[in-house]
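Take a look at the letters that make up each chain.
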Amino acid sequence: MRTMLPLLVLLVVGLRLAGASPPPQPVTCTKGTTDCTVTNVYGSFPDRTICRTADASFPRTEAELVAAVAAAAAAGRKAKAATRHSHSFPKLACPGGRDGTIISTRFLNRTVGVDAAARRITVESGVVLRDLIRAAAAAGLALPHSPYWYGLTVGGLLATGAHGSSLWGKGSAVHEYVVGLRIVTPAPASQGFAVVRELVAGDPDLDAAKVSLGVLGIISQVTFELQPQFKRSVRFVTRDDSDFAEKVAVWGGVHEFGDMAWLPRQGKVIYREDDRVDVATPGNGLNDYLGFRAQPTLGLITARAAEERLERNGTDIARCLAARLPPSLFELQAYGFTNDGVFFTGWPVVGFQHRIQASGTCISSPEDGLLSSCTWDPRIRGPFLYNSGFSIALPRAAAFVADMMRLRDLNPRAFCDIDAKLGILMRYVKASSAYLGKPEDCVDFDVTYYRSYDDGEPRPHSDVFDELEQMALRKYGAVPHWGKNRNFAFDGAAAKYPNSGEFIKVKERYDPDGIFSSEWSDQVLGISGSPNIVDKRCAIEGLCVCSDDSHCAPELGYFCRPGKIFKEARVCSKDKSAAAAGDDLLDEL
């Protein structure tokens, strides 16, 4: 355990490296553009399978995109869009079977035009968020909300309903600012097997296309409504969690861009006080979030090895002591914020919207031979994580938080892995007109935790993570984030969206032969089958909710048991009384 301290210090110090090896492309082919595989940026889907396709195409114009879709439709072959970095955890980009085709939007990456007077920007769907917000800023405009990571493409973030944090105005979901798009869909032979559909504000089909899971076709261009450039004033304040449940219900109304992160073992909440200020307010702050910077590859590999030793052989006390360091180091370095782009001199940090709203410098540095990389680069044996995201209606959020705290209080040390990953992030999202957008104003809970490289390997206290998720989804009616989560979270998900039936009707009109559908998308949308994969140790992997001990790892002492707070939950538990010894030591450190 003591080796973790210098390793993590080395890791965080190394965050200031200037170079980095950008992430590998998600689509690779062995013979030109044939015999291909597609994966996500983490190198592994939840079921750990490899997605193989017959071929791939890389259109550079809308005409070439139309030709690619037409070729797939004429041949009756399954097709899927792949984005530049492929940040979705689920298998949204996998056509299914080995005869499908991948159509990459990697080179559809141009800004088509900016209309400063109308406050609109049109971009191709392969444009990454970083380039979109910079192009808007160059015209004195701003995209008012976005995810915090700017490596997402426009098409990808729309497909999954990506968002920031706000209940103000139209809210934090990027798709709420779409006023037009062009999408290429299959068509009959009489129309050349593919057509371009142009949708504008007021067209009911836009409510299907702007959050589509990629099953309608492939978006070519998107037009966003922007706002005049503005600045934000950001401050992070850490308090104890005694009034956490009450605060979660109101924080989104107090600060326009406010969020919060809960460190359960430490009993602390990090509150983000983040508001719009006049563009004339002094300050040229920059958000260069530490976790999204290039990191030294050797440090990542060594830190992961130490973490694996703790997971397999360490005690709860050792894991919890190690978990205290990352939040402290991030706080010491102001989470990567600076007041002038170089130095941090104190809160608040005031800066232009495009310099504050998102970051991700590890994707844009020159190649350095993999001496440094993004944390999640699959070419190295570095950190390997699960990422779950689910949204709970605002009126029910306080009760859910109270239940989470009750679960924590039963054994606080079981939650140390969450502290080590900087807590549970909570963001606010407004109800949407999009058929697959959020059905109610809600709080989105984002949980990151350890994942083993070995299939089916249990991890300590996995039962509390599984109970927490099942409680959110089943007791509180949470809807899963389309681009995150393990399989079981999507079971019955479509039924939670009142307008999912309308979405299916549009899908049947746009793609009646299901060219852009897959077994996975049909399962998630409730069309046929279930996303659950029931097999030995499936609950360990999050591929099912256990109903039999074999779904856990009984030979290792993990059995299918009811939850501790939410008794309807079924989790893989290694019943072991938590010894009180050592708690006093932890409280003093």
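Residues numbered from 1 in each chain as written. Predicted model: local features only at pLDDT ≥ 70, side-chain atom pairs only at ≥ 80, totals over all residues. Heavy atoms only, no water.

Caption draft 1: Quick look at unusual backbone geometry. A cis amide bond, omega 0°, links Trp347 with the succeeding residue Pro348. Note on placement: Pro348 falls in the loop between strand E18 (337-338) and strand E19 (349-352). Of note in the backbone geometry, Asp35 takes a positive phi value of approximately 55° without being a glycine. Here Asp35 is to be found in strand E2 (residues 34-38). Using a relative accessible area of 31% as the deciding quantity, one classes Asp35 as partly exposed. (Helix = DSSP H or I, 4+ residues; strand = E, 2+ residues; numbered from the N terminus. Buried < 20%, exposed > 50% of the residue type's maximum accessible area, 1.4 Å probe, protein only.)

Caption draft 2: How the structure looks around the UniProt feature "domain: FAD-binding PCMH-type" (unreviewed entry) in the protein. Within the UniProt annotation, "domain: FAD-binding PCMH-type" (unreviewed entry) is assigned to residues 49-229. Secondary structure content for residues 49-229 is 19% helix and 29% strand, while the C-alpha to C-alpha distance between its ends is 44 Å. (UniProt positions renumbered as here; feature names shortened; annotations may be inferred.)

Caption draft 3: Main features of the sheet that holds strand E23 (residues 442-450). One open sheet accounts for eight strands, arranged E19-E13-E15-E14-E22-E23-E21-E24; its pairing is antiparallel. Either end of the sheet is taken by a strand with one partner, and the two such strands are E19 and strand E24 (479-480). As defined by bridge partners, strand E13 (residues 231-240) adjoins strand E15 (residues 268-277) across ten bridges and the pair is classed as antiparallel. Paired with Thr238 across the strands is Ile270, a residue of E15. (Pairing = 2+ DSSP bridges.)

Caption draft 4: Quick look at the packing of helix H12 (residues 394-410) against helix H14 (residues 462-475). Viewed as axis vectors pointing N to C, H12 and H14 meet at an angle of 160°, and their least axial separation amounts to 11 Å. Comparing their axes, H14 and H12 come out roughly antiparallel. Along this stretch, H12 crosses H14, giving a crossing that reads as right-handed. When H12 is examined against H14, the residues Phe400, Asp403, Met404 and Leu407 are found in contact with a partner set consisting of Val464, Glu467, Leu468, Met471, Ala472 and Lys475. Broken down by class, the residue content of the contact of H12 with H14 amounts to seven nonpolar, no polar and three charged. (Axes fitted to C-alpha atoms, helices over the stretch in contact; angles between N-to-C directions. Parallel < 35°, antiparallel > 145°, perpendicular 65-115°, else oblique. Left-handed = near helix turned anticlockwise from the far one by under 90°. Contact = heavy atoms within 4.5 Å. Nonpolar A, V, L, I, M, F, W, Y, C, P; charged D, E, K, R; others polar.)

Caption draft 5: Fine view of the domain arrangement of the protein. According to the domain assignment, the protein consists of domain 1 (27-104) and domain 2 (111-229). Measuring from the centre of the C-alpha atoms in domain 1 to the corresponding centre in domain 2 gives 21 Å. Between domain 1 and domain 2, the residue contacts involve 17 residues of the former and 23 residues of the latter. Across the domain 1/domain 2 interface, buried area totals approximately 1400 Å², and carbon plus sulfur atoms make up 72% of it. Taken together, the connections running from domain 1 to domain 2 amount to one salt bridge. Between Glu62 and Arg182 there is a salt bridge, with its nearest N and O atoms 2.7 Å apart. At the boundary of domain 1 with domain 2, the tally comes to three residue pairs in polar contact (both at pLDDT 80 or more). Sorting the residues of the side of domain 1 that touches domain 2 by element identifies helix H2 (62-75) and strand E4 (79-82) as the ones contributing at least two each. Looking at the side of domain 1 that touches domain 2 element by element, the count peaks at seven residues for H2. Classifying every residue of the side of domain 1 that touches domain 2 gives nine nonpolar, four polar and four charged. (Domains from an automatic or database assignment. Buried area = accessible area lost by both parts, 1.4 Å probe. Salt bridge = Lys/Arg side-chain N within 4 Å of Asp/Glu carboxyl O. Polar contact = N/O pair within 3.5 Å; in protein donor to acceptor, adjacent residues only side chain to side chain.)

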